[in-house]
Structure formats: structure tokens, C-alpha cells
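For reference, the chains in residue letters:
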Amino acid sequence: MRSLSMPLAGALFLAALLLSGCQDRADDTGPATDVDGDGWTTSGGDCDDGDPSRHPGATDRIADGVDQDCDGGDSCWKDADGDGYGGRVVVRSDDLDCEDTGESARSTDCDDTRPDVHPDATEVCDDIDDDCDGLVDDEDGSVDLATAPTWYTDADGDGYGDAASSTSACDAPDGSASTDDDCDDTDPDVHPDATDTCEDGIDQDCSGADRTCGGLSGEIDPDADAATVIYSTEANGVLGGAFAVLDWDGDGQEDLALAASQSDLYTRDSGRVWVYLGPLSTGAQADVTGYEVALYGTTTTALVGGILDPVGDLDGDGDDELYVFSSTSSSSGRREQGLVLGGSVSGDVAVTSALLFNETCYGSAAGGDPDGDGVNGWVCGDGDSTLDWYEGTDTTPSMAITGSSLSGFGGDSVVDQDLDGDGVADLWIAAHQANVGGSDSGAVYLFSGPFASMTSDDADAYVYGTREYQYVGDSVQVADLDGDGTPDLLAGSGYDDTGATNAGAVWGWFGPLDAPSSVSDADVVVYGTDAGAYLGWHTPGVADLDDDGVEDLCFSSNSAPGDGTSRGEVWLFYGPLAGTLALGDAATDGAHLQGDADYDWLGNKTLLGSDLHGDGGVELIVGAHGAGWAGSATNGVLYVLDAR
């Protein structure tokens, strides 16, 4: 057999070689076909060789149910809040329906953190585009007005609407109010929060009736007319000779501190001070019932509670502190007077155990914040030559004002009121034995704040008596006598003889004062009419009882005779006041009170403006330290009368 010629052998070898190569490609990758021309074969990963848009690396269109990139799933919109709508974040799904948890085929959710916000939601009044149409609340005509508040027409612009005219809207339409209790929508001065001017025929506060002017008028019988009576259970305890109103427990409700300085509870004339928490109950109660605290003296004739002065919140805890004064001059008694922190004690406590520190003050008062450091202070006058100012609960004074050769300086003072209209609190200090207008004629000095240590020579103004032994400055008070909004000064003398020997007097000067002024220059004056009445000894009470915007005054004398002997009297005058006031006119133009029996001593102290009952009213508090109650032989009664 002949071998094959070389040309034929070469051809057969090449054919065999090609056949062998084709057999290897088919074994490795399958048919080498790319029907759709996208550069990918089926064996190379093309999941649809009939669609050139589908192959590995292709852009997968979101939520179209087609796997363009051949990874076995589809791209979906992330539905983070599970409300069926996605936001603009893309997630990969393992299937093609975009219906699994956290997936959505819709991307129109405008807030994918809130399941209640999506295109199928109901638009409600919530300042949110709930249905994702780009409109919020009232902008969206489809808003559900059942979720909208009702607004009432406020035609007079006083913030209160008319119940007869209303509309529903998410936001307040112009000229509307949220309340429907305006009783006259044509008058901006008439609405539920307005002050009702008494007896003018107009119901300004929409209460349903015009308010009656003043709760006190004519002759008042304190036994019959008082809303609350607290009476002594001890003979000769002289309850009611001193009292104070303060917030002892810091709850915002006024409380009562009441003294019986001659109480014999511990020992003879040791004295006692009760604190009763407000609101007080109406009716009569004994002094030994219903109290929160009873501070008692421990030495004979300590006379604890001879004077009680609230001095404000000194330690910043919200309750008021109380200065308790022993009216004895003995060294033992002086150890039982000083500053007591509000709320610091309860039950029956010896006053020596309750004192923050011991200090003798013949006149004390809240001192405000004259140095502007945010810490309140108080003042303590020695009644001789110096008035000290203490900051907070410091036991040493921060500054002092001294009288230059003035006897009686610092016996009484008024602090923490802007008397010269410059926006800074000022200070009036009495020196009832000053010799400005004669020996012991008396004077009262004004020091404009802010304060620093100084002397009476630095005073910005002063008022003074004009005759010997007149003792102007026995009492000091500030009130707006003429209703012009500027504080005015009142100064009293128990020893003025104009009406009768030692009948007393009170003078008033319209502010602001910026120069010396005598009692002859006073704009208001009231003279006592009975010898030995000592009218100006007692600080006048001040409050706006008839709610007319002008302060009213009450004057008192516990030794005035009344219809007998030393019954004590109180005279109430309604402001504005000017000229000479006649005490006898009080019963017709204001109100008049007197003790029911001889030696009741009604009016040793009076206070106007409290709200011990917590009813929003205004009260007159009067002590009668010699009175008995319901025929008892005990001594001392306190009356709380509703004055408005």
C-alpha cells in the first residue's frame, strides 16, 4: 500500500486539527453564538439572548419586573416605613415582583420615615404634606376639615371670638380667634379677661353681670362681717397685735403669720407666733387649731412676735422668710428675735431653734436686689442711726446707710419700689427724731437706687416736720394717691397735735420727689380728731379695692375711742385722694370699722390687698388685740374681711 502523498497527508492533518479544536470549545463554553449581538452568549451569562438589553452588566431598570443585568432579581424602591410606597433609595430584590417586605414598585413616598404619609393618605391638619401632592393643610383642597379646629370671628381684634360666626380651617384665618366667649365683638375692651369697671352698666369681663363697686362701704361690724376670724384661747395674749402675709411654703398661695406676743404658753409673756397655710377656711377658729408652725418664746417677758415682717425669698427656694421681733429690751428677749427661713420648721418649735441667725431690728423689710446680682436682700434698721442691707441669707451686712447725727434713723423704711421713675428700686428711710424742722420734728429720706454704703447726707430728697416733737416718720408707706401711675409717699406722726393733743396725722406727697418738702407742702393730709389717738403710728394699708386702677387707703388707730373708750377704729377711703381728708367722711364715702367693746384696741395693725382665701379677691385684715370672741374673756381677735 502506498503511503499517502505529502499534500494529502497535510490536508488530513489540518482537518483533524480543526475538528479537535471545535470539539474542545463546545466542551468548555457551549455553542459560540450571540443571537442578539449584545456581546454575550447564553453560555457566557446572557439570560435572554433574544433581548440585547439584557446581559450581565446591563443597567437594571427599577421595578419593571425584568432582570436586565441577569443577576436573578430586580431593582426596587426601598419602602422603609412599610406603607407600600418607596422613597428614592434603591434596593436589590431576590425576585421580580418588588412586593417583599421593605420593597415597593412605587417611588412617590415624600417621607419614607412615616407610614401615615404617602400618596393614598388623607390630608389632615398637621402641618405635613400627608398625601404627597406638594400641598400642606389648607393649601390642599382635599384636606379633611373634620381634623380642623373651629375658628370664631374676632371683629374687634381683642383675641376673643363671636360664637355666632365660625369656620373650620387648619390655621387661624385673619380676624379670627380660637375662643367663642366674647360677649361683645364690637368692643375690644370687652372680653373675658378684661377688668370690669364697677357699676358702669357694662359687663366688660363677660361674667354675665356688671360688677358691684367695692366690697366694703358704710359702717362695718367686724364680728358680723368678717369672712374668717381667728381668736385667742389665752387671757391677755394680745393676739392680733402683729401679723404678716407671706408665702411660707412656696406654693404660690399666701399664708398668714399671726402673733400673740404676751402668750404665757411657755412662761409669762414669752410670746408665740403661728403660721397658718392658705387658703384659710371661712368662719371662726381658735388660735391653737389648724396651724402649720407655732414658734414660742422660752424666756419670761421675751414678748416674741411683737413685730412680724416678711422679708421675701432670700435663699431662692421659692418660699418667703420672716423676721420675728421681740418687743422686749432685755438681753434675754433679744436672743429670741431674728430671721426664720420659710418652710424650715413645722409643729411647735422654740423660736431660738428656728432662727437662722439672731439680729435686733426695729424696722425690717424686703430689700430687693439693689446691686443687680440676682440675689434678693433685706434691710434691718437699728432704730437709732443705721440701716443695714443684708444680701440673701448672709449673716453680716453688705452695705449700710447711716444717719448723720439723726436719732431714730432706720426705725421704718420702704424698699424695692421705683419712686423716682428711673426703673431702679429706691429706698425711703424714716428718722422720726431728726431735727430738720425743730427738735425731734422728724424726717423721711429718699435714696435713689442702685445703693451703696452712704449717709443721710447723700439723700436725694426728704420730707420733714415743721415743729418740735412732731416725730414725722413714725410710719412710712408708698401708694399711688392720685392715680397717675407714679408712686407717692405717705408719712405719719402719732404725736401731731393739729386735731387734738397727740391725735396724730398722716401726710402724702405726690411723686416723684426730688427736693426737700415739709408737711406744709403735702398734697394729702388726714388729721386725727381724738386726743391720744396717735393716728400716724400705724402704717396705712394700700390696695385697689374697687378695681378702678387707683389705690385706696385705710388708716387706723387702736386707741381711738369709737363709741366708747379705746375701742379702736379703721377708716377706709377710696382713691384718688387729694387735699384734707376728714375721718368722719369715711362712713359715707368709704367704710368705717370700730371695736365692739371698750378696750378692744382694734386697728393696731391693718393690711389691705391680701388673698388668704385664695379666691382671687382682695381682703382687709384687722387685728383687735384686746377683743374677746363670742362673749369669751380671752384677749385677741384677728378679722379677715372680703373687701372685693
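Now for a quick tour of the structure. Please read all numbers here as calculations on a predicted model, not as lab measurements.

**Points about the environment of Asp138**
You can see Asp138 is positioned in the loop between strand S3 (103–104) and strand S4 (150–153). Classification of Asp138 by relative accessible area gives partly exposed; the value is 38%. Taking the C-alpha atoms as reference, Asp138 lies 73 Å from Leu303; in sequence the two are 165 residues apart. Apart from the residues lying within four places of it in its own chain, the contact partners of Asp138 are Ala169, Cys170 and Asp171.

**Considering a negative patch on the surface**
A contiguous patch of negative charge on the surface is contributed by Asp94, Asp97, Glu99 and Asp100. Looking at Glu99, the relative accessible area reads 64%, which means it is exposed.

**Topic: the side chain of Ser566**
Relative to the assigned elements, Ser566 resides in the loop between strand S34 (552–557) and strand S35 (569–573). When its relative accessible area of 12% is taken as the criterion, Ser566 is described as buried. If we ignore the near neighbours within four places in the chain, the residues touching Ser566 are Asn558, Ser559, Ala560, Pro561, Asp598, Tyr599, Asp600 and Trp601.

**As for the pairing of strand S24 (residues 426–431)**
With six of its six residues buried, S24 lies for the most part within the structure. Across the two faces of S24 the burial is the same, with Asp426, Trp428 and Ala430 and Leu427, Ile429 and Ala431 all buried. With five bridges connecting them, S24 and strand S25 (residues 443–447) associate as antiparallel partners. Along S25, the bridge assignment pairs Ala430 with Val444.

**Some words on the sheet that holds strand S22 (residues 399–402)**
Sheets are built from strands paired through backbone hydrogen bonds, the pairs being either parallel or antiparallel. The mixed open sheet is built from five strands, whose spatial order is S19-S20-S21-S22-S26. The open sheet has two edge strands, strand S19 (363–368) and strand S26 (454–455), and neither has a second partner. By the bridge criterion, four bridges tie strand S21 (residues 386–391) to S22 in an arrangement that is antiparallel. Each bridged residue has a counterpart across the sheet, and for Leu387 the counterpart in S22 is Ile401.

Conventions used here
Sequence order as written defines the numbering, with residues in each chain counted from 1. The model is predicted, so local features are restricted to residues of pLDDT at least 70 and side-chain atom pairs to those at 80 or more, both for listing and for counting; the totals for chains, interfaces and linings are taken over all residues. The basis for every side-chain value is the complete set of non-hydrogen atoms in the structure, without hydrogens or water. A helix here means a DSSP run of H or I that spans at least four residues, while a strand means a run of E at least two residues long, and both kinds are numbered starting from the N terminus. When a residue's accessible area, from a 1.4 Å probe over protein chains only, is under 20% of the maximum for its type it is buried; when over 50% it is exposed; and in between it is partly exposed. In this description, contact between two residues means that some pair of their heavy atoms is separated by no more than 4.5 Å. The residues that make up patches have over 30% relative accessible area and no salt bridge, and they are joined within 9 Å when like-charged or within 5 Å when they are Val, Leu, Ile, Met, Phe, Trp or Tyr. A 1.4 Å probe and the Shrake-Rupley method give the accessible areas. Residues count as covered only by the protein chains that appear here. Just to be clear on terms, a salt bridge is a Lys or Arg side-chain nitrogen sitting within 4 Å of an Asp or Glu carboxyl oxygen. Under the counting rule used here, the positive set is Lys and Arg, the negative set is Asp and Glu, and His together with the chain ends is not counted. Think of each charge as sitting on NZ of Lys, CZ of Arg, CG of Asp or CD of Glu. In this description, strands pair whenever DSSP reports at least two bridges between them.

Fair warning: the whole summary comes from geometry, so function is off the table for now.
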